[in-house]
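Structural overview
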Amino acid sequence: MAQYDLTPTLSKFFDRHLIIPLLEFLGGRGIYDADQIRQSRIDIMKETKMVDYIISEYVELTGDQDSIPAELLLKREEVLKGLNERQQETEQILGFFQADDVKVTVENSNDSDELYNTLVRVHEFKPEMLDTIYDWAKFNFECGNYKGATEYLDLFRSVAPTNHAKQRPARWGKAAGEILLQEWDTALADLNQLKADIDNSVDRVPITESLNDRAWLIHWSLYVFFNHPKGKDLIVDWCMGGPDYLNAIQTLCPHILRYLVVAILTNRRRRHVIKDVIEIIKQEAPNYKDPVTEFVISLFVEYDFDKSQKQLKECEIVLENDFFLVGCVNDFIDSARQYIFETYCRIHSRISIPVLAETLHLNADEAEKWIANVIRNARLDAKIDAAKGEVLMGIPALSSYQMLIEKTKTLALRTQQMVNQVDKRVGGRTTAGYQEVV
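What counts, and where the lines are drawn
- Residues numbered from 1 in each chain as written.
- Predicted model: local features only at pLDDT ≥ 70, side-chain atom pairs only at ≥ 80, totals over all residues.
- Heavy atoms only, no water.
- Buried < 20%, exposed > 50% of the residue type's maximum accessible area, 1.4 Å probe, protein only.
- Helix = DSSP H or I, 4+ residues; strand = E, 2+ residues; numbered from the N terminus.
- Axes fitted to C-alpha atoms, helices over the stretch in contact; angles between N-to-C directions.
- Parallel < 35°, antiparallel > 145°, perpendicular 65-115°, else oblique.
- Left-handed = near helix turned anticlockwise from the far one by under 90°.
- Contact = heavy atoms within 4.5 Å.
- Nonpolar A, V, L, I, M, F, W, Y, C, P; charged D, E, K, R; others polar.
- Expected span 1.5 Å × (residues − 1).
- Pairing = 2+ DSSP bridges.
- 1 Å grid on protein atoms, 1.4 Å probe; cavity = no way out; pocket = protein on both sides within 12 Å on 5 of 7 lines; lining within 4 Å.
- Points joined across faces, edges and corners; volume = space filled by probe spheres on them.
- pLDDT = per-residue confidence, 0-100.
- Phe/Tyr/Trp six-rings, centres within 6.5 Å; stacked < 30°, edge-to-face > 60°.
- Lys NZ or Arg CZ within 6 Å of the ring centre and 35° of its normal.
- Salt bridge = Lys/Arg side-chain N within 4 Å of Asp/Glu carboxyl O.

**Quick look at helix H16 (residues 274-284)**
The element H16 is largely enclosed, with a buried count of eight among its 11 residues. Of the residues making up H16, those classed as buried are Ile274, Asp276, Val277, Ile278, Ile280, Ile281, Gln283 and Glu284.

**A short note on the packing of helix H15 (residues 257-265) against H16**
When two helices pack together, their arrangement is given by the angle between the helix axes and the distance between those axes. Their axes nearest at 11 Å, the elements H15 and H16 cross at an angle of 160°. Here H16 runs roughly antiparallel to H15, going by the angle between their axes. Crossing geometry of H15 relative to H16 is assigned as left-handed. Seen from H15, the contacting residues are Leu257, Leu260, Val261, Ile264 and Leu265; seen from H16, they are Ile274, Val277, Ile280, Ile281 and Glu284. The residue makeup of the contact of H15 with H16, split by class, is nine nonpolar, no polar and one charged.

**Quick notes on helix H8 (residues 127-143)**
For H8, which comprises 17 residues, the first-to-last C-alpha distance of 25 Å matches the rise-based estimate of 24 Å (1.5 Å per residue) to within 8%. Among the residues of H8, Met129, Leu130, Thr132, Ile133, Tyr134, Trp136, Ala137, Phe139, Asn140, Phe141 and Glu142 are the ones counted as buried. The inward-facing, buried residues of H8 abut helix H2 (16-27), helix H5 (70-96), helix H7 (112-123), helix H9 (146-159) and helix H10 (167-180). Positive phi appears at Gly144, one or two residues downstream of H8, with a value of about 95°.

**Here's the deal with the environment of Glu24**
Mapped onto the elements, Glu24 comes out in helix H2. If near-sequence neighbours (up to four positions away) are discounted, Glu24 is found in contact with Arg41 and Tyr53.

**Let's talk about the sheet that holds strand E2 (residues 382-385)**
Spatially, three strands are ordered E1-E3-E2 in an open sheet, and the strand pairing comes out antiparallel. Looking at the sheet topology across the chains shown, the edges are occupied by strand E1 (350-352) and E2. Ignoring strand direction, the axes of neighbouring strands in this sheet form an average angle of 20°. Pairing geometry for E2 and strand E3 (residues 390-393), over four bridges, is antiparallel. Note on E3: the bridge partner recorded for Asp385 is Glu390.

**Side note on the layout of surface pockets**
In this structure, the second largest pocket spans a volume of roughly 350 Å³. If you go around the second largest pocket, you meet 22 residues; those closest to its centre are Pro21, Gln182, Trp184, Tyr223 and Phe323. Mapped onto the lining of the second largest pocket, the elements with two or more residues apiece are H2 and H10. If one sorts the elements of the lining of the second largest pocket by residue count, H2 sits on top with four residues.

**Observations concerning the confidence of the model for the chain**
On average, residues of the chain score 86 in pLDDT, and 89% of them are at 70 or above. Per-residue pLDDT, averaged within each element of the chain, yields its smallest value for helix H22 (residues 400-408) (58) and its largest for H15 (96). Residue range residues 428-435 is modelled with pLDDT below 50. Its contacts to residues more than four positions away, or to other chains, number 26 contacts.

**Some remarks on the packing of aromatic side chains**
The full count for this structure, using the stated rule, is 22 aromatic pairs. Ring centres 6.1 Å apart and planes at 10° place the aromatic pair Trp136 and Phe139 in the stacked group. Taken together, the residues Trp136 and Phe139, both in helix H8 and three residues apart, mark about one turn of the helix. Residues Trp136 and Tyr152 carry aromatic rings whose centres are separated by 6.0 Å and whose planes lie at 55° to one another, so their mutual orientation is tilted. Here Tyr152 lies in helix H9 and Trp136 lies in helix H8, a separation of 16 residues in the sequence. In terms of burial, Trp136 and Tyr152 fall into one category: buried. Members of the aromatic cluster, connected to one another through ring pairs, are Phe14, Phe25, Tyr223, Phe226, Tyr259, Phe323 and Phe324. A cation over an aromatic ring shows up here: Lys195 above the ring of Trp238, its NZ or CZ 5.6 Å from the ring centre.

**Examining the pattern of salt bridges**
Applying the stated criterion to the full structure yields 23 salt bridges. Residues Glu183 and Lys147 are paired through a salt bridge, measuring 3.4 Å at the closest nitrogen-oxygen approach. Residue Glu183 is found in the loop between H10 and helix H11 (184-200), and its partner Lys147 is found in helix H9; the two are separated by 36 residues along the sequence. We classify Glu183 as partly exposed; its relative accessible area is 28%. With a closest N to O distance of 2.6 Å, Arg268 and Glu342 form a salt bridge. Linking Arg268 in the loop between H15 and H16 with Glu342 in helix H19 (residues 329-346), this pair joins segments that are 74 residues apart in sequence.

**A few points about the pairing of E3**
Of the two faces of E3, the one carrying Glu390 and Leu392 and the one carrying Val391 and Met393 are both buried. Note that E1 and E3 share three bridges and pair antiparallel. Bridged to Ile351 within E3 is Val391. The antiparallel pairing of E2 with E3 creates a hairpin that spans four residues between the two strands, and Gly389 there sits at a positive phi of about 65°.

**Considering the environment of Leu94**
Here Leu94 shows up in helix H5. On the accessibility criterion, Leu94 (23% relative accessible area) is partly exposed. Along the chain, Leu94 and Leu155 lie 61 residues apart, while their C-alpha atoms are 9.7 Å from each other. Not counting chain neighbours up to four residues away, the residues in contact with Leu94 comprise Tyr152 and Leu155.

**Considering the packing of helix H4 (residues 51-62) against H5**
Orientation of H4 relative to H5, taken along the N-to-C sense of each, is 160°, at an axis distance of 10 Å. In terms of orientation, H4 lies roughly antiparallel with respect to H5. Relative to H5, the crossing made by H4 is left-handed. Across the interface between the two elements, Val51, Asp52, Ile54 and Ile55 of H4 pack against Leu72, Leu73, Lys75, Arg76 and Val79 of H5. When its residues are assigned to classes, the contact of H4 with H5 shows six nonpolar, no polar and three charged.

Here it is as structure tokens:
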């Protein structure tokens, strides 16, 4: 299933430190050679200051403690020297904020612009001190001290003026640190602030920059979307709540459709957007497809139940080997079976339980209990004839008003999708490149 591994594609939108968890996950899946994964981790981290991590990986790769490259040992000495020098310089500034009068000023201020001006005017705070705090935070981040980095970046952002050039990079860096610390609530708060910053600056930056920023934000947010209790609602709201992020997905990263589909199918509260995501999948089929998107097409468009069952088996393997979706496997399989059953029921008036059991890969008794639960939970107009081993479906009546609502409720979104298709054919796709945070 290496052909469906999105790690190389996703990595284009991540900071180096955010790629490491993905590579560590792949190391235990058996998709790639273990030494190949370890070498990839070494290559990724070479540009950071996590020298001890790189050395340990190198020793694991070679099995020789005495063959560590001289340049790595030299770099380690340089990092330690830089750590001591920066620490002495930063301690003086951090001591500045420990003064009682400065503490009172900071505690009584809710506005960074006002606080900065007061510190400069009253307490002789120097602008270059901000750069020192930021650089110290970045140094800690590059060394893998994410806790320290987020604390110093928080200090920087609370003091720096809102128009400071490093405010947004500091927000990206703080979000990255909180993600790596698995502090999902605070990470979500910073990602939401980044979203607001990006959305509010759309009139001041080129459209390509806005698209890239949104594509990066969606990728980083995958960590939160599939770990935070409200995550699956959020990815649907972000991507399907308007044209902006949907445009970024269709232009730069159609592979995000995999995660959007899983979030929708495993979240019954968002089933009303299935029709819209189907249209997007159909439009993007020439650019991206995988077993997850093809399952949607085979079930909801082609009504090919044999094909959908084959795709579902592949979906299980794909999700088990996806860093972000491995925790969704059971929910996805259960939800997919329910959708198969509901769709099957809506096009048949009489259904054989043994046939349906075979389709769902369940024995007859398990299938009957499972079907009864689905009928009850989905409120289907159906009943089970246990004597004949059949499910009898009623015929739902749909009023003219309901039909009109169904036809018109998504016109705005579909119009935007058509505009996106025209834009792509006229202007082509742009590509996102690697960039550093903090």
